[in-house]
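Here are the chains, one letter per residue:
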Amino acid sequence: MVIGPFLTLRSLTQFIARLRAAYAATTAATPAPSRRRKAPGASGRGFGATLDRSRLVAIALFVATVAAIVLVSFVGVTNRSLPVLPNQVSSVRIVAAIPFSYESKMRTDAARARLAERVPPVFRIDPEPLRRFELHLTELSAALAPYSQLDPALRASFLAENTALYNARGPYRASPEDIALLAGRDAPRVLDLGIGILRAIHGQGITNPSDLGGPRSADRIKLFQVLRPDGGIATRPVDTLEDALTYLRVNLAAEEPERARAAAMFRIFRDGVVPNLIFDDEATLARRTEAVGELRPVRVSVERGQSIIEPDTRVTPEQFEMLEAHRRALARTAQPLEDETTRLGGRILLVLAMLAASLIYIRLEDPETLQSNSRLALLALVTLANLALVRSTYSLGSLEFFLENSSAASLLPYISPVLIAPLFVALLINAGSAIFMALFLSIFTSVIWGGRLDLLVLEFLAALVAIQGVNQTRKRNRILRASLHAGVTLAAGVVLLGFAERLPPLAVLKQMFAGLGAALACGVLVVGLLPFLENLFKRTTDITLLELTDYNHPLLRLMQLEAPGTYHHSLVVAQLAENAAAAIGANPLLARVCALYHDIGKSTKPHYFAENQMSGENPHDDANPSLSALILKAHVKDGVDLAVRHKLPRPVIDVIQQHHGTTLIRYFYQRALQALRQKPSDSSPLPPLLGISSAPGPAALGATLPAGAPPRNPQPQLPEQTYRYDGPRPRFKESAIIHLADGIEAAARCLPKVTPQHLDEVIDQIVRDRLSDGQLDESPLTFAELNKIKISFRHTLVTMLHGRVAYPAAKN
């Protein structure tokens, strides 16, 4: 009876030994480039890591950057003074050597002219139209006095004759039927009522929008300056002809209850509504003279280094006035001008201040970059390269062609490629750092070109437009489009500046195309160099991530062919992760890409995973649980090897390593425990591959007890480490989302019936298990975000796993 179990245990030991040898041979056949590369480069990588974190290297890099920026931005860039006359073309830039101020006659005259333009015109009310209408109407009323005493047969002709005489005295449109009101007994009341209303209307003032009589049209004037009879000026609104007629009709209707009489009265008195507002030249001139007299002379303050005259431009009278004031200020000063050493010290202080501000900003927004000397070196390299290109365009001005061709030389400031570094930083780091970089480069570009503030504003505005255009971009052509928009912005600024400076239209057109062409050239250069800098920075842009979503990628094609079940699982996990990442404000594209590739290691041994076992045969049925767990764990290492071989981005590799964390392979762990509890009694030791550690002796091995002795139930120890993934645990939001989605998708497929309630239970259970197991301890997710993720998972799974209506079978 003892021989049977012994032979069975020995056969099991031999089977496990054969499985171990087969797995070792499979592992040896699988290429592992990362392990082969580790040994020879270990010491080098350690030295490189030391350099990357060394503070001495960081200080040396900072000093070298300061020296390089000073060398590029200032050395050889000088300001010279040259006597010039108005309307002459200056061949050099003249900047202020000292700060000074002066009273500008030209600016004062221009300010007085602008102020005089802003003084509103003064109008006065002309009483003559109303007086003349009242006279004519009174004469008509007197002429109609005999009307009541006439024979009724003669009254009609009498009214017609007087009406014709009345209409001939002015532009009146009265009819005999309406004039009959003035022949009645209440004629005095009608006259008093109508004339009283007209006086009120004329007292307010009446304007004609088509012919105001002044320099402005009435539709642009809301409040009028009206001269009062006492000589004062009142600011008040006035009525148009339409408003006055409406006022007349409404008041007559209110005073006369009979509508026909009110209408007849309106037709009589409407002829008295005429414009009575007249532009007053003398009063307007007096007001403008008073306003201009109160204006103080314009005093212009010029800072040291401010541009006075630009090169290859015609000197305007205002520039000449500033130049003369500068010369007088230099003649008055008894203090010697600063020498080159002092100016160099100031320039170094400027560079130090700008770099210090940059470091503070990086420390607040991207501390990881500040801790890596390699990233700082690359940022410095991009900045210096961009400044060097700007300086190169400045140096072109010393060529004979540009010295002789002033129109060509005026294009050089606008072909300065300021957009390169901001575009790189926006794509590789973030928009905030790119904006700071744009400001940094715009300031130094302005300094190189003699402190031109207009150039600083235009270049900075164009850079902002470019940064906005590439924000969250997912296609490389968006970079060119953003550069085009930046070029259009720069061209528009050049047009506005050209009109403001009254430059020749041809020169403005050339500057427009120069700025537009330079912006497009920057875009093309960025598109070409972006992949190279992505590798140097170890950064991943949305453009690269979107390219990785191509289902024809070699790794995705490999998974489709070798592990179709895993491929479909990855698609579902990608949808779950993308929706959840969008719900909490993470990067949905990064989550989708990482989820697509998180299980690529299963394509190495696809038949060991349930989703790929199409034939129904499971190789784990005859395998030892610890060996099965080892095979399952190996797909993480195999996935990392494939990702490194195909040069996938670092975040994708991190997710491949972290998507299982250090979770327990519970199925095989339970199988191992069950096998341990059900193993036959024998004194032979168990094979070490099971990972079982128990106390030595017959009791531990389940030996047969003497008759009558109480049964022993030893508690063998099965270490979980053999059945746990190696980790690490998820360390960023997208990785944690994929970690949860991976388990929830697998669990949801095991549900016999998919309902929202069942899904809620599964999701809550898995999230609780992962939290209690500490799998999310290193991730930055909050409980509020976890709740949003669970809601997103439930909604996505309900829509994915919805049921269908069962159609009845067709009857024969």
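Along the chain, Asp 638 turns up in helix H27 (residues 625-645). A relative accessible area of 7% places Asp 638 in the buried class. There is a polar contact of 3.5 Å between the side chain of Asp 638 and the side chain of Lys 637.

Applying the stated criterion to the full structure yields 8 aromatic pairs. Pairing Phe 100 with Tyr 102 gives two aromatic rings, centres 6.1 Å apart and planes at 25°, and the pair type is stacked. Consider the rings of Tyr 551 and Tyr 567, whose centres lie 6.4 Å apart with planes at 85°: the pair is edge-to-face. Of the two residues, Tyr 551 sits in the loop between helix H23 (542-548) and helix H24 (554-562) while Tyr 567 sits in helix H25 (residues 564-584), which places them 16 residues apart along the sequence. Under the relative-accessibility criterion, Tyr 567 is labelled buried at 14%.

A contiguous nonpolar surface patch, about 330 Å² in accessible area, is contributed by Leu 56, Ile 59 and Val 63. Among the secondary structure elements, Ile 59 is positioned in helix H3 (residues 55-73).

Proteins that are soluble and globular tend to have nonpolar side chains buried together. If you look at the biggest cluster of nonpolar residues, it comprises 58 residues, and the most contacted ones within it are Ile 69, Val 351, Leu 419, Phe 440 and Phe 444. Sorting elements by how many residues they give to this core places helix H18 (residues 420-428) first, with 8 residues. Aside from chain neighbours lying at most four places away, what touches Phe 444 is Ile 69, Ser 73, Phe 74, Leu 350, Val 351, Met 354 and Leu 387.

By the alternation rule, side chains of strand E3 (residues 100-103) split into Phe 100 and Tyr 102, which are all buried, and Ser 101 and Glu 103, of which none is buried. With 4 bridges joining them, E3 and strand E10 (residues 299-302) adopt antiparallel strand pairing. Residue Ser 101 lies in a different strand from E10, and its bridge partner there is Ser 301.

A few words on the pattern of salt bridges. One pass over the structure, following the stated rule, counts 29 salt bridges. Between Glu 139 and Arg 169 there is a salt bridge, with the nearest N and O atoms lying 2.3 Å from each other. In this pair, Glu 139 is assigned in helix H5 (residues 128-143) and Arg 169 in the loop between helix H6 (152-168) and helix H7 (176-179), connecting sequence segments 30 residues apart. When its relative accessible area of 32% is taken as the criterion, Glu 139 is described as partly exposed. Taking the shortest distance from any N to any O, the salt bridge between Glu 256 and Arg 261 comes out at 3.5 Å. Take Glu 256: its relative accessible area is 7%, and that puts it in the buried class. Via salt bridges that share partners, Asp 186, Arg 189, Glu 256 and Arg 261 belong to a single interconnected network.

Our focus in this paragraph is the side chain of Thr 549. Along the chain, the position of Thr 549 falls in the loop between H23 and H24. Polar contacts involving the side chain of Thr 549 include one to the main-chain carbonyl oxygen of Leu 546, which spans 2.4 Å. In this view, Thr 549 contacts Leu 589, Val 593 and Leu 596; residues no more than four positions away in its chain are not counted.

What follows deals with the environment of Arg 731. The topology assignment puts Arg 731 in the loop between helix H30 (698-701) and helix H31 (733-749). Separated by 49 residues in the primary sequence, Arg 731 and Pro 780 have C-alpha atoms spaced 7.1 Å apart. Setting aside chain neighbours within four positions, we find Arg 731 in contact with Gln 658, Glu 778, Ser 779 and Pro 780. Side-chain polar atoms of Arg 731 contact the side chain of Glu 778, separated by 3.1 Å.

Note that strand E4 (residues 122-125) and strand E6 (residues 224-227) share 3 bridges and pair parallel. When the sheet's bridge partners are listed, Arg 124 is paired in E6 with Leu 227. Pairing of E6 with strand E7 (residues 233-236) involves 4 bridges; the strand directions are antiparallel. Residue pairing in the sheet places Val 226 in a bridge with Ala 234 of E7.

Relative orientation of the contacting elements H25 and helix H26 (residues 588-597) amounts to 160°, with a least axis distance of 8 Å. On the basis of the axis angle, H25 is roughly antiparallel to H26. In this structure, H25 meets H26 at a crossing whose hand is right-handed. The residues of H26 that touch H25, namely those facing Ser 570, Leu 571, Val 573, Ala 574, Gln 575, Ala 577, Glu 578, Ala 581 and Ala 582, are Pro 588, Ala 591, Arg 592, Ala 595 and Leu 596. Tallied by class, residues from the contact of H25 with H26 come to 10 nonpolar, 2 polar and 2 charged.

On the basis of which strands lie adjacent, the open sheet formed by 4 strands has the order E7-E6-E4-E9 and mixed pairing. The open sheet has two edge strands, E7 and strand E9 (277-279), and neither has a second partner. Across this sheet, the average inter-strand angle for adjacent strands is 40°, counted without regard to direction. Sheet topology note: the E4/E9 ladder contains 3 bridges and is antiparallel. The partner of Phe 123 across the bridge, within E9, is Phe 279. The sheet contacts of helix H11 (residues 281-293) involve E4, E6, E7 and E9, and relative to E4 the element is tilted by about 145°.

We now examine helix H29 (residues 666-677). For H29, built from 12 residues, the straight-helix expectation of 16 Å at 1.5 Å per residue is met to within 8% by its first-to-last C-alpha distance of 16 Å. For H29, the set of buried residues is Phe 668, Tyr 669, Ala 672, Leu 673 and Leu 676. Along H29, the residues classed as buried sweep out an arc of 145° about the axis, all on the same side. Of the exposed residues in H29, the ones pointing more than 90 degrees away from its buried face are Arg 666, Tyr 667 and Arg 677. In this fold, the buried residues of H29 make contact with H27.

Right, let's talk about the confidence of the model for the protein chain for a bit. A residue-level look at the protein chain finds 79% of positions with pLDDT of 70 or above and a mean pLDDT of 78. When the criterion is pLDDT under 50, residues 21-46 qualifies, and its contacts beyond four places in sequence or with other chains add up to 21 contacts. Under a pLDDT of 50 for its full length, residues 681-712 has, in the predicted model, 53 contacts with residues more than four places off or in other chains.

Parameters and conventions
- All chains use their own residue numbering, which begins from 1 and follows the written sequence.
- Whole-chain, interface and lining totals are the exception, using all residues; otherwise, since this is a predicted model, local features are given only for residues with pLDDT of at least 70 and side-chain atom pairs are given and counted only at 80 or more.
- Values shown for side chains rest on all heavy atoms present in the structure; no hydrogens or waters enter the calculation.
- Each helix corresponds to a stretch of at least 4 residues labelled H or I by DSSP, and each strand to a stretch of at least 2 residues labelled E; elements are numbered beginning at the N terminus.
- Type-normalised accessible area, obtained with a 1.4 Å probe on protein chains alone, sets the label of each residue: buried when under 20%, exposed when over 50%, and partly exposed for intermediate values.
- Residues adjacent in sequence count toward polar contacts only when both atoms are side-chain atoms; beyond that, a polar contact is any pair of N or O atoms within 3.5 Å, and within protein one must be able to donate a hydrogen and the other to accept it.
- Stacked, tilted and edge-to-face pairs are distinguished by plane angle, under 30 degrees for stacked and over 60 for edge-to-face with tilted covering the rest, among Phe, Tyr and Trp rings (Trp via its six-membered ring) whose centres lie within 6.5 Å.
- Patch rule: a residue counts if its relative accessible area is over 30% and it has no salt bridge; like charges are joined within 9 Å, and nonpolar side chains (Val, Leu, Ile, Met, Phe, Trp, Tyr) within 5 Å.
- Per-residue accessibility takes into account occlusion by the displayed protein chains alone, with areas from the Shrake-Rupley method and a 1.4 Å probe.
- A side-chain nitrogen of Lys or Arg and a carboxyl oxygen of Asp or Glu constitute a salt bridge if their distance falls within 4 Å.
- As used in this record, nonpolar core signifies buried Ala, Val, Leu, Ile, Met, Phe, Trp, Tyr and Cys residues forming a set joined through side-chain atoms within 4.5 Å.
- The contact definition used throughout considers only heavy atoms, calling two residues in contact when any of these lie within 4.5 Å.
- By this definition, two strands are paired if DSSP reports at least two bridges between them.
- For helices, the fitted line uses only the C-alpha atoms of the stretch in contact; every axis is such a line through C-alpha atoms, and the angle between N-to-C directions lies from 0 to 180 degrees.
- Orientation labels follow simple angle bins: below 35 degrees gives roughly parallel, above 145 gives roughly antiparallel, 65 to 115 gives roughly perpendicular, and whatever is left gives oblique.
- Here is the rule for handedness: rotate from the far helix to the near one, and if that takes an anticlockwise turn smaller than a right angle the crossing is left-handed, while a clockwise turn gives right-handed.
- Ten residue types, Ala, Val, Leu, Ile, Met, Phe, Trp, Tyr, Cys and Pro, are classed as nonpolar, four, Asp, Glu, Lys and Arg, as charged, and the remainder, Gly among them, as polar.
- The span expected for a helix works out to 1.5 Å for each residue beyond the first.
- By arc we mean the arc of the directions from the helix axis to the C-beta atoms, nothing more.
- For every residue, the predictor assigns a confidence score, pLDDT, that lies between 0 and 100.

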